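Commentary on secondary and tertiary structure
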Amino acid sequence: MTTPLLQMTGIDKAFAGVAALTSASLTIEPGEIHAVIGQNGAGKSTLIKILTGVYRRDAGLIMFAGKPSTISSPREAQDSGISTIYQELTLVPLRSVTENVTLGYEPRIWGGIIDWPRAHARTREILARFGIEIDVRAPLGSYSTAIQQLVAIARAVSLDARLVIMDEPTSSLDDREVEVLFGVVRGLKASGVSVLYVSHFLDELFRICDSVTVMRDGRTVARKAIAETTKLELIADMLGRDIDEIRADGMTELGGGQRDRSGEVLLEAKAAATDRRLHRLDLIVHRGEIVGLAGLLGSGRTEAARAVFGLDRLQKGSVSFKGQAPSDPASAIAAGIGYLTEDRKAEGIVPEMSVRENVTLAVLPKLSRGGRIERGRERALVEAFIKSLGIKTANMDQPIRELSGGNQQKALLARWLATEPELLILDEPTRGVDVGAKLEIQAIIRDYVARGFGVLLISSEFEELVEGADRITVMQDGYSVTELQNPGITENALVKAIAHHHRGQAPA
Amino acid sequence: MGDATTFDLRRYVRGQAQSNAVWLALMALIAFGLLRYDNFGGAYNIVSFLNYNSMFIVISIGMCFVIMTGGIDLSVGSVAAFTSVVAAYLSPWGIEVALPGGILAGIAFGAVNAFVIILMRVPPFIATLATMLAAKGGALVLSGAQTISVDWGSNFTKLGMEKAFGVVPWTIVLVAIVALAAWFVLERTSLGRTVLAIGGGEDASVLMGLEVDRTKAFVYMLSGACAGIAGVFLASGFGAGQPLEGVGWELSAIASVVVGGTLLTGGLGSVPATVAGALLLGLVFNILNFENGRGTISLSAYWQLVVRGGFLFIVILLQNRVSSARAAEDR
Amino acid sequence: MSTRLESASPATASPATARALRQLRRHGGLVALLVLVLVNIAITPNFLQLQTLFVNISQVATIAIVAIGMTLVIATGGIDLSVGAVMALAGALAPLIFLSPFGVAYPALGLVAAFTLPLLAAMACGLFNGFMVSVLRVQPIIATLILFISGRGIAQVLTNGNLQTFSNPSFSYLGTGRILGLPFQGWLALALAGLVYWLVTRTLFGRYLLAIGGNERAARLSGVPVRRVKFGAYVICAGLAGIAGLIVVAINSASDAGRNGNLMELDAIAAAVVGGALLQGGRAPIFGAVLGAVIIQLVKYTLLANGVEDEVALIAKAFIIVVAVYLQAGRRE
């Protein structure tokens, strides 16, 4: 075997005393396409950011191209041959395509002056390799997210890299663009460049990667050749579960398809469209059922939730909740809708506030008289929820930021349950929480539905949807394209429904 | 994530339209002035107008760079006052010493701003507010709270009071050089592009491997240098270092930059449009003076502040429509 | 569990330094106050005299009152640069009203109007700021810069730049009155601090205020009326600045629109920050702001009483602001 291009061993990293990586390792051979997978929070991004000099490691050794790496900034990483395409678009939308591709590496004359004609020409040439022909002088922001993604990749590839890191590169690409990307990746491999490929889409790995590293809870738990493993095996490694156990029983506590669904219609959306990538949403939720919303990232699931909650104004169509149409969050809450958002940190918790204050944030108007908060009632309410949901906190006045992800999530669930909503919209309710908390949260949801309320469940985890939802509405490119009924939904059927192009409804 | 992209386009296009709007408004005001007042187009008015506004133009150029990175520099007025005192003290050695000396003093304050903002991670407006105080205090201490008369024997006052080849005042020549250099740096150098990239997305710029900290240090020192030049102009044009001047200059500069179509959130901006913005603001007062002279209105000096604030308000209203994308992004 | 951690900031200080910084932050204000008092006892002549106390209380009251309002605005993640100008405006209006023919003819009514109208004008300024910030979504620094400059201009236009002197004992009580031997405005500042403290800790408004500063998006999604609460914060801040403006005029029995409240925004921001307010928002330590005001005033007094020039005091103040913000900058990490 040759010397590996990259060898990271014993990497430790802690943020504010909490371990994010514990003795993690990663090895990549020259000319290899290597995948890193793991659930949210497994430490993939942290590991990459340590490699590229964004974070400093607490311990461990990094060997790159046979030498100990001293990279301490993204710039140094680029200059020593490691290019990164981050998950979040790291480009500047207001600036031109050329600037975005060449920034920091502009062709110059007389040592300092940018040679714009040559910069434009070079950019055109690089993009042509991706089969993209666009006006490189136009601001990047005027192009679609997919083009922007490809421009980011073009930038990374153009920097004479020996290792290209791609963090979820396909999450916003359509099938054709994914093929273009795969072509580029194979081309890189052919020219001897290694690719570190991070993706949630396991199918992609089997199509494009040579080997895979699995991470869980900040540790590297497995490194395998793709040819010698199976999807189920990888999932088992990621979840830290026994593979036979997964085969044998279901993995969720939601109990989809077992409920009586004679309840009245609670929510109905007809051809609803917003100017936020929701083009046509048809959706019905009855009392006493869980309706799943499935689709790839960017398919419009979250946008559908926002439309229902009155966050985005409808451009066309209608949303009716018990005959009303919420126009903003406050009126949606008053009408009886709760919305547990996808991004717990950015849209959920108020980190500086206590658990108590976070739990009662949405229900405060009901807990106050004449503008004054009735503290006794507040404490009693929070006490009850901490007990019934099993929120692990020292006391209700502990700052919520000190809680674990699962307990934060339970507290946010309590925030909405406290408002006694009749419809709960749950956007990735179990993402980034440990397995135990996940099952507890699912149990809470099940009990809630059993009381005759409705749930709209958005999830990227197919098991959660397949086993939890009574019906699943599938979304694609901002359109609700089909609906599946439980019992009878299988994971395969769902994957097919998501992947299949539904002609006639969703334009290409 | 990518949802904002469609808005960015609209924002950009409108931004472009607006930088043209500055020129249109400038033309319109000039035409108005020419038609309404006899002496408006006269050499005396033009030269004294440009001469007086040279200080504001040069400060606005520095401010433009700071704002393009998404920052702000509130210290420019006090720094100019400080450097005017420095220049006055240096005036016996002539302009060859006083001008570089003043600029260096300005850069020193800019370096302090950069240090506090970049290394101590203090928000720009707090840091520069503090420097504003420090420069003001420094100017008063240095001058003993007196105006410092310059040395009339040296060539120092020529800068502010005489003309190059008897035609154009030296200040205007110098401002033109600064503006051209700034324009060139912004449009044609990696440094200038980095300035814009930082304003467009600081985190993205870091991850793209750009020299974010160094570039930010550059803009604050540039702004300090520009304030330094303005301070030298002040001392040279009025024959004295004036520790109490400079109040509200930062506001004029911000207004000029904003009028020139630079987004307050950074990422978009232009040097010529900023100069046009400064001229436009100056013209408003020029025209008010003419009206005062004709007796159609009679405004005390105090109205200047009110008008200035009102002007900033209107500009913000206009720009708000441009960047209404922010409202849409607000979740 | 570790999603939270992945996006945590990369910068981490060593544990020992971090602990020392934390301690300094938590008790820094009180320590600073203690040090200041001890230094003054040691070096300032006649420091331990009642007269010194009176002078300082009457000075600190205005800073504290404005700082309380500033704390509310900072708690939303905003800033209000216009407080000094609002003081000038309110202060200019009061004598105009009771010196007007109407005020002279009906002294009692004139006095009432001289208190209420300036406060209403101040609150209108707050409405304007609130409108700019919460409806037009202009950055608070820029939004309040407008009144920072033109508010004082309006005050000067109204008074034509003249110093207005007057003799009106009832009005001057605001600045010169005594209760239990201590200056009236000191009691007023304490009462206002208590009231606002109650507002912050016990009411819907207060909880919403902190939620907005802590996480505006989460607050909006939880049905918090973000606009209204921000309006409230700016209006209260401007109203308090108005009261401070009246006090200054009452103390001097004269109104000088050019000087009233000059640079007060700096004192108020410094006091709020020294008192523990986070510039990012989410915290509103009201009595901390009062403590901060006391510290700022004592620093000023110390320098002044020991013959240090005013100008140097400016530099000292700049230093305090930067150090205070620097110390709290690491707090979120």
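Being a predicted model, the structure only gives us computed values, none of them experimental.

The rules behind each value
Residues numbered from 1 in each chain as written. Chains lettered and ligands numbered in written order. Predicted model: local features only at pLDDT ≥ 70, side-chain atom pairs only at ≥ 80, totals over all residues. Helix = DSSP H or I, 4+ residues; strand = E, 2+ residues; numbered from the N terminus. Contact = placed C-beta atoms within 7 Å. Domains from an automatic or database assignment. Nonpolar A, V, L, I, M, F, W, Y, C, P; charged D, E, K, R; others polar. Pairing = 2+ DSSP bridges. Axes fitted to C-alpha atoms, helices over the stretch in contact; angles between N-to-C directions. Expected span 1.5 Å × (residues − 1). Buried ≥ 20, exposed ≤ 12 C-beta atoms within 10 Å, placed from the backbone. Arc of directions from axis to C-beta. Core = buried A, V, L, I, M, F, W, Y, C linked by C-beta atoms within 7 Å. Parallel < 35°, antiparallel > 145°, perpendicular 65-115°, else oblique. pLDDT = per-residue confidence, 0-100.

Here we take up the overall build of chain A. A count of helical and extended segments in chain A gives 19 helices and 23 strands. In chain A, the share of contacts with a sequence separation of at least 24, taken over all contacts with a separation of at least 6, comes to 67%.

Residues and elements named next belong to chain A. Taken domain by domain, chain A consists of domain 1 (6-247), domain 2 (250-336 + 421-508) and domain 3 (348-419). Taken together, the 12 residues of domain 2 in the interface contact 11 residues of domain 3. Top element by residues in the side of domain 2 that touches domain 3 is helix α17 (residues 435-450). It accounts for five residues. Among the residues making up the side of domain 2 that touches domain 3, the classes are represented as nine nonpolar, one polar and two charged.

In this section: the sheet that holds strand β11 (residues 211-216) of chain A. One key point about sheets: their strands pair by backbone hydrogen bonds, in either a parallel or an antiparallel sense. Residues and elements named next belong to chain A. With respect to topology, six strands assemble into an open sheet ordered β6-β9-β10-β3-β11-β12, the strand pairing being mixed. Each having just a single partner strand, β6 (82-85) and β12 (219-225) make up the two edges of the open sheet. Averaged over all adjacent pairs, the angle separating strand axes in this sheet is 20 degrees, with direction ignored. Pairing analysis gives four bridges linking strand β3 (residues 33-37) to β11, with the strands arranged parallel. Across the sheet, A35 pairs through a bridge with V212, a residue of β11. Sitting on the sheet, helix α1 (residues 44-51) is in contact with β3, β6, β9 (163-167), β10 (194-198) and β11, with an inclination near 150 degrees to β9. Running at roughly 175 degrees to β6, helix α5 (residues 145-158) makes contact with β6 and β9 of the sheet.

In this section: helix α9 (residues 184-202) of chain C. Residues and elements named next belong to chain C. Compared with an ideal rise of 1.5 Å per residue, which puts 19 residues at 27 Å, α9 spans 27 Å between its outermost C-alpha atoms and is within 8% of the ideal. Those residues of α9 that fall on the buried side of the exposure criterion are Q185, G186, L188, A189, L192, A193, V196, L199 and V200. Taken around the axis of α9, the buried residues stretch over an arc of 155 degrees, which confines them to a single face. Turned more than 90 degrees off the buried face of α9, the exposed positions are A191, G194 and L195. Buried residues belonging to α9 abut α3 (50-75), α8 (169-176), β3 (182-183), α10 (204-214), α12 (226-252) and α14 (286-305).

In this section: the nonpolar core. If you look at the biggest cluster of nonpolar residues, it comprises 372 residues, and the most contacted ones within it are I59(B), A64(C), L89(C) and I321(C). Examining the composition of this core, we find that 17 residues originate from one element, α12(C), more than from any other. For A64(C), the contacting residues outside a window of four places in its chain are A189(C), A193(C), A289(C), V290(C) and A293(C).

With that settled, consider the sheet that holds strand β5 (residues 67-68) of chain A. All names here are of chain A. What the four strands build is an open sheet, ordered β2-β1-β4-β5; its pairing is antiparallel. The outermost strands of the open sheet, each flanked by one partner alone, are β2 (18-28) and β5. Summarising the sheet, strand β1 (residues 6-15) and β2 pair through seven bridges and their orientation is antiparallel. What sits directly across from I11, in β2, is A24.

Residue and element names in this part refer to chain B. Running from N to C, helix α7 (residues 170-188) and helix α8 (residues 190-200) cross one another at 75 degrees; their axes reach a closest spacing of 5 Å. With respect to α8, the element α7 is oriented roughly perpendicular. Across from V185, L186, E187 and R188 in α7, the residues of α8 making contact are L191, G192 and V195. Within the contact of α7 with α8, the residues separate by chemical class into four nonpolar, one polar and two charged.

Residues and elements named next belong to chain A. Residues of chain A with pLDDT of at least 70 account for 89%, and the chain-wide mean is 82. For chain A, helix α9 (residues 243-248) is the element with the lowest average pLDDT, namely 59, and helix α13 (residues 355-359) is the one with the highest, namely 94. Confidence drops under pLDDT 50 across residues 503-508; counting only partners more than four residues distant or on other chains, this segment forms six contacts.

Now for unusual backbone geometry. A positive phi angle, close to 50 degrees, is found at A271(A), a residue other than glycine. Looking at the element boundaries, A271(A) is found in strand β13 (residues 265-274). Judged by C-beta crowding, with 14 C-beta atoms within 10 Å, A271(A) ranks as partly exposed. One non-glycine residue, S253(C), adopts positive backbone phi at about 50 degrees. Summarising the element assignment, S253(C) is placed in the loop between α12 and β4 (254-255).

This next bit is on the confidence of the model for chain B. All names here are of chain B. Per-residue confidence for chain B gives a mean pLDDT of 82, with 89% of residues at or over 70. Of the regions scoring below 50 in pLDDT, residues 1-8 engages in 21 contacts with residues more than four places distant in sequence or in other chains. Overall, residues 324-331 carries pLDDT values under 50, and its contacts beyond four positions in sequence, including any with other chains, amount to 12 contacts. At the level of chain-chain contacts, confidence expressed as ipTM amounts to 0.82, with global pTM at 0.79.

This part takes up the environment of G263(A). Following the sequence through the fold, G263(A) ends up in the loop between α9 and β13. Those residues in contact with G263(A), other than ones at most four positions away along the chain, are H286(A), R287(A), G288(A), E289(A) and G452(A).

Next up on the list: the pairing of strand β17 (residues 337-340) of chain A. All names here are of chain A. Here β17 shows two buried faces, one formed by I337 and Y339 and the other by G338 and L340. Two strands pair when backbone bridges link them, and β17 and strand β20 (residues 423-427) are joined in this way by four bridges, in the parallel orientation. Within β20, the position partnered with L340 by the bridge is L426.

A word on the pairing of β20(A). Among the five residues that make up β20(A), five are buried, leaving the element largely enclosed by the rest of the structure. By the alternation rule, side chains of β20(A) split into L423(A), I425(A) and D427(A) and L424(A) and L426(A), which are all buried.

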